[in-house]
Amino acid sequence: MSLRSLTYTSLAGLDLDSDDLLAIHTAARQLNALDGITGLLIHNGTHFLQIIEGPDDAIGDLVERLRRDPRHTGFEVRDDREVEERSFAGWTMELARVRSRYFEAREDLMEVLPPDLPAPVHDRVLRMTELISGTVDLG
Ligand SMILES: Cc1cc2nc3c(=O)[nH]c(=O)nc-3n(C[C@H](O)[C@H](O)[C@H](O)COP(=O)(O)O)c2cc1C
């Protein structure tokens, strides 16, 4: 069975609050458990970066649903590849809330990423987090 890993970024809806985030996370875990999808959802207060991995057709279906979801906009696929095995096997969807500045977001992520995450995946997640990180220091 071919496994696919897809990473996208999006802009969270302006009115999205903690309860909404919790609802997204809870539903994602339930649905992903049924669909055989695992992954990581990073939120930095304004943007999402999500890695979803699973059977090719299940990922395709989820992408369609995510594109239609009004709780975020600017959905942009950043990486889409076939993989030999899962990188986030135990996680039906882990939510990592990180700070908005890149170096702080990196620190936050290092604490939650699985210790056995292959180095190339680890580096890619950190690199991609830059895509959603604020570069301007607003104090
Ligand atoms: C940032 C974000 C991440 C999401 N992650 C997932 C996910 O991992 N799995 C999932 O099934 N739905 C996820 N959803 C919810 C889907 O967009 C969609 O609402 C859900 O799959 C149900 O689809 P339906 O409303 O078309 O039935 C996410 C939504 C958002 C805004």
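Residues numbered from 1 in each chain as written. Predicted model: local features only at pLDDT ≥ 70, side-chain atom pairs only at ≥ 80, totals over all residues. Heavy atoms only, no water.

In the nomenclature of an unreviewed UniProt entry, the protein is known as BLUF domain-containing protein of Sphingomonas arvum.

Enquirer: So what's going on with the overall build of the protein? Which residues, and what values?
Expert: Helices and strands together make up the secondary structure of the protein, namely four helices and five strands. The order of helices and strands in the protein, counted from the N terminus, is β-α-β-β-α-β-β-α-α. In summary, the protein has a C-alpha radius of gyration of 14 Å against a globular reference of 14 Å for 139 residues, a match within 12%. Taken over the C-alpha atoms alone, the protein extends approximately 50 × 35 × 20 Å along its principal axes. For the protein, with 139 residues in total, the buried portion stands at 44%. Summarising the internal contacts of the protein: among those between residues at least 6 apart in sequence, 77% fall at separations of at least 24. (Helix = DSSP H or I, 4+ residues; strand = E, 2+ residues; numbered from the N terminus. Rg over C-alpha atoms; globule rule 2.2 N^0.38 Å. Buried < 20%, exposed > 50% of the residue type's maximum accessible area, 1.4 Å probe, protein only. Contact = heavy atoms within 4.5 Å.)

Enquirer: For the packing of helix α3 (residues 102-112) against helix α4 (residues 119-129), give the residues involved together with the corresponding values.
Expert: One way to put it is that α3 packs onto α4 with a least axis distance of 9 Å and a crossing angle of 150°. Considering the relative orientation of α3 and α4, their crossing is right-handed. Across from Tyr102, Ala105, Arg106, Leu109 and Met110 in α3, the residues of α4 making contact are His122, Val125, Leu126, Arg127 and Thr129. Of the residues contributing to the contact of α3 with α4, the split by class is six nonpolar, two polar and two charged. (Axes fitted to C-alpha atoms, helices over the stretch in contact; angles between N-to-C directions. Left-handed = near helix turned anticlockwise from the far one by under 90°. Nonpolar A, V, L, I, M, F, W, Y, C, P; charged D, E, K, R; others polar.)

Enquirer: Tell me about the site of the ligand, and name the residues and values.
Expert: As a structural note, the neighbourhood of the ligand is formed by 15 residues, with Asn32, Gln50, Arg65, Asp69 and Arg71 the closest of them. Separating a nitrogen atom of the ligand from a side-chain N or O atom of asparagine 32 is a distance of 2.8 Å. One nitrogen or oxygen atom from the side chain of arginine 65 is found 2.8 Å from an oxygen atom belonging to the ligand. When the ligand is considered free in solution it has 600 Å² of accessible area, and contact with the protein chains removes 79% of it. (Near = heavy atom within 4 Å. Polar contact = N/O pair within 3.5 Å; in protein donor to acceptor, adjacent residues only side chain to side chain. Areas by Shrake-Rupley, 256 points an atom, 1.4 Å probe, with all protein chains shown as cover.)

Enquirer: Requested: an account of the UniProt feature "domain: BLUF" (unreviewed entry) in the protein, with residues and values cited.
Expert: With numbering aligned to this structure, UniProt lists the feature "domain: BLUF" (unreviewed entry) at residues 3-94. Strand forms 41% of residues 3-94 and helix 34%; the C-alpha atoms that close the span are 19 Å apart. (UniProt positions renumbered as here; feature names shortened; annotations may be inferred.)

Enquirer: For the layout of surface pockets, give the residues involved together with the corresponding values.
Expert: In this model, the largest pocket occupies a volume close to 330 Å³. Lining the largest pocket are 18 residues, and of these Ile24, Ala28, Leu66, Asp69 and Arg71 sit closest to its centre. Where the lining of the largest pocket is concerned, the elements lending two or more residues are α1 (18-35), β3 (47-55) and α2 (56-68). It is α1 that provides the largest number of residues to the lining of the largest pocket, a total of six residues. Taken together, the residues of the lining of the largest pocket sort by class into 12 nonpolar, three polar and three charged. (1 Å grid on protein atoms, 1.4 Å probe; cavity = no way out; pocket = protein on both sides within 12 Å on 5 of 7 lines; lining within 4 Å. Points joined across faces, edges and corners; volume = space filled by probe spheres on them.)

Enquirer: Explain the side chain of serine 10 residue by residue, including any values.
Expert: Following the sequence through the fold, serine 10 ends up in strand β1 (residues 3-12). On the basis of relative accessibility, which here comes to 2%, the residue serine 10 falls in the buried class. Other than its neighbours up to four places away in sequence, serine 10 contacts His47, Phe48, His72, Thr73, Gly74 and Phe75.

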